[in-house]
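Secondary and tertiary structure notes
Okay, here's what each chain looks like letter by letter:
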Amino acid sequence: MQRILIIEDNPMVVRSLEFKLKKEGYEVVVAEEGRQAMKLLLEETFDLILTDLMLPFVTGTQIIEHIKKTYPNIPVIVLSTSTQEDIITDAFKMGVDDFITKPFSPSELSLRVKRTLAKQ
Amino acid sequence: MNEALKHIILVTTDSDAVAAFNTYLNPNAVTLSNFASGMGAIQYIKQIGEADLLILEENIKPLGAVQTIHYLIDNMNYSGSILILSDSGVSEIQTDEGAFEVLKKGFDKPDLDWVLSLLSENKEQRVELNSKPYSLSYLSDLSDGDEAFIFESLKIFNESVGKNISEIEELFGKEHYKEVSNLAHNIKPSFEMLENNLGSTICDELAHTQVDSSKAEQVDLLKKEYLKIQECLKEDFPDLFKTV
């Protein structure tokens, strides 16, 4: 079963992502803030990471930088709001694979997750 | 809407027009909701009711001003003030629903003073077209109507957004405006998931414009909108509020 790490601090968004991805057969692990995500990345393995950009303690940008440096084979999809264009552009420059706008469209989430995992 | 705060819905993709409104309007007196399409405005009006003034760009795609007016008046009995934003040079535009005055593109301060005078003439309390401040459509689509998931999501909304709004109030009082912006950014998707456009618009404003003491009305309005949703949830889902 493919494992997905969700790094997101809005509990409604987390619950929705978790619900949808579990229903599609993925194993889902959640980190509500950056430090917890860093710890999980040290201890466990993941096939895909979905991360918010504005997080407590360690920002999404710092996490992406860390992932791309330490775990370059794990693809990253950014969870963004539609008003974060500059930040999304910066994230792409750092090597993220895709982005999804919150609140996400269920079919778009499925497609983007499948497509990103298929590239592996 | 807060009685002191007038509300304008501006439907245009003309960034100069939006910038002019933002420059000249006093944010303590007028709140501006900008949409890039007539459909966006229609959805918004369905949720929050009529604004004090609706301004529609004449040739905006895909639904122009005339078609949007037709939809609003014929299907939703819209009765509020409407202006058409146009560069055609005419003073009014005739539609099947009557003639509507034109605000000419490239307008300046005196033109906006005229727009504001329309607001002060328009003192009637607007009737909300949809009394429910939330919708379950998104959550239902996402979960294929899974009632347990919907219930759980509403519980999360009620608890987490309530807590965050209390924090926003406290941080605002302490003038920690950056944290206010961050929290507003964080809870914006929660309002969007319940399709509450007013809550989402206010969060967007707090998250992406300069927050200072002048945003007190917006913070107050956000809390009121949350409480409105909560009241409605209490009626529709009393079990959400049962303590174990």
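Structural notes, computed from the coordinates. (Residues numbered from 1 in each chain as written. Chains lettered and ligands numbered in written order. Predicted model: local features only at pLDDT ≥ 70, side-chain atom pairs only at ≥ 80, totals over all residues. Heavy atoms only, no water.)

**Comments concerning the interface of chain A and chain B**
Counted only if it meets this: Contacts are residue-level and defined by heavy atoms, with any inter-residue pair within 4.5 Å sufficient. Throughout, the accessible surface (probe 1.4 Å) given up by two parts as they are put together, summed over both, is called the buried area. Should a side-chain nitrogen of Lys or Arg be within 4 Å of a carboxyl oxygen of Asp or Glu, the pair is scored as a salt bridge. Under the rule applied, a polar contact is a pair of N or O atoms within 3.5 Å (in protein, one hydrogen donor and one hydrogen acceptor; residues adjacent in sequence only if both atoms are side-chain atoms). Think of it as three bins: nonpolar holds Ala, Val, Leu, Ile, Met, Phe, Trp, Tyr, Cys and Pro, charged holds Asp, Glu, Lys and Arg, and polar takes everything else, Gly as well.
In this complex, chain A contributes 19 residues to the contact, which on the side of chain B involves 24 residues. For the pairing of chain A and chain B, the buried interface totals around 1900 Å² over both sides, and the portion due to carbon and sulfur atoms is 64%. In this assembly, chain A and chain B are joined by 2 salt bridges. Notably, a salt bridge pairs K23 of chain A with D144 of chain B, separated by 3.1 Å at the nearest N-O pair. Along the contact surface separating chain A from chain B lie 6 residue pairs in polar contact (both at pLDDT 80 or more). Along the lines of polarity and charge, the residues of the side of chain A that touches chain B split into 8 nonpolar, 6 polar and 5 charged.

**Focus: unusual backbone geometry**
Heads up, the condition is: Comment: elements are numbered from the N terminus, with helices defined as DSSP H or I runs of at least four residues and strands as E runs of at least two.
The amide bond that connects K102 of chain A to the next residue, P103 of chain A, takes the cis arrangement and shows omega of -10°. Within the secondary structure, P103 of chain A sits in the loop between β5 (98-101) and α5 (106-118). Backbone geometry places N77 of chain B, a non-glycine residue, at a positive phi of 50°. Looking at the secondary structure, you find N77 of chain B in the loop between α3 (65-76) and β4 (81-86). Phi is positive for D144 of chain B, which is not a glycine, with a value near 55°. Within the secondary structure, D144 of chain B sits in the loop between α5 (137-143) and α6 (147-173).

**Concerning the packing of helix α1 (residues 11-23) of chain A against helix α7 (residues 177-193) of chain B**
To keep it simple, the criterion reads: Helix axes use the C-alpha atoms of the stretch in contact, all axes being lines fitted to C-alpha atoms, and the angles between their N-to-C directions lie in the range 0 to 180 degrees. With respect to orientation, any angle under 35 degrees is reported as roughly parallel, any angle over 145 as roughly antiparallel, any angle of 65 to 115 as roughly perpendicular, and every other angle as oblique.
α7 of chain B packs onto α1 of chain A with a crossing angle of 60° between their chain directions and a minimal axis gap of 8 Å. Classified by the angle between their axes, α1 of chain A and α7 of chain B sit oblique to one another. Residue-level contacts link M12, V13 and S16 of chain A of α1 of chain A to P189, S190 and M193 of chain B of α7 of chain B.

**Quick look at the pairing of strand β2 (residues 30-35) of chain B**
All names here are of chain B. Counted only if it meets this: Per-residue accessibility, obtained with a 1.4 Å probe over protein chains only, is compared with the maximum for each type, and a residue is labelled buried under 20%, exposed over 50%, and partly exposed between these values. For two strands to pair, DSSP has to find at least two bridges joining them. Crossovers are marked right-handed if the path from the first strand over the helix to the second runs clockwise, as seen with the strands pointing away from the viewer.
Taken across its 6 residues, β2 has 5 buried, putting it largely inside the fold. Where strand β1 (residues 6-11) meets β2, 6 bridges bridge the pair, whose relative direction is parallel. Each residue of the ladder has a partner; that of I8, found in β2, is L32. The parallel pair β1 and β2, bridged by helix α1 (residues 15-24), forms a crossover whose chirality is right-handed.

**Focus: the side chain of T51 of chain A**
Within the secondary structure, T51 of chain A sits in strand β3 (residues 48-52). When near neighbours in sequence (up to four residues on either side) are disregarded, T51 of chain A contacts I7, G60, I64, V76, I77, V78 and L79 of chain A.

**Overview of the nonpolar core**
The line we're drawing: Only buried Ala, Val, Leu, Ile, Met, Phe, Trp, Tyr and Cys residues count toward a nonpolar core, and they belong to the same one when joined by side-chain atoms within 4.5 Å. As used throughout, domain bounds are those supplied by an automatic or database domain assignment.
Ranked by internal contacts, the top residues of the largest apolar core, which has 79 residues, are L50 and V113 of chain A together with F191 of chain B. Per element, the largest residue contribution to this core is 10 residues, and it comes from α6 of chain B. Counting the residues that make up this core, at least three belong to each of domain 1 (6-121) and domain 2 (137-241) of chain B. What F191 of chain B contacts, discounting residues up to four positions off in sequence, is F157, V161, I165, N196, G199, S200, C203, L222, Y226 and I229 of chain B.

No statement about biological role is implied by the geometric values presented.
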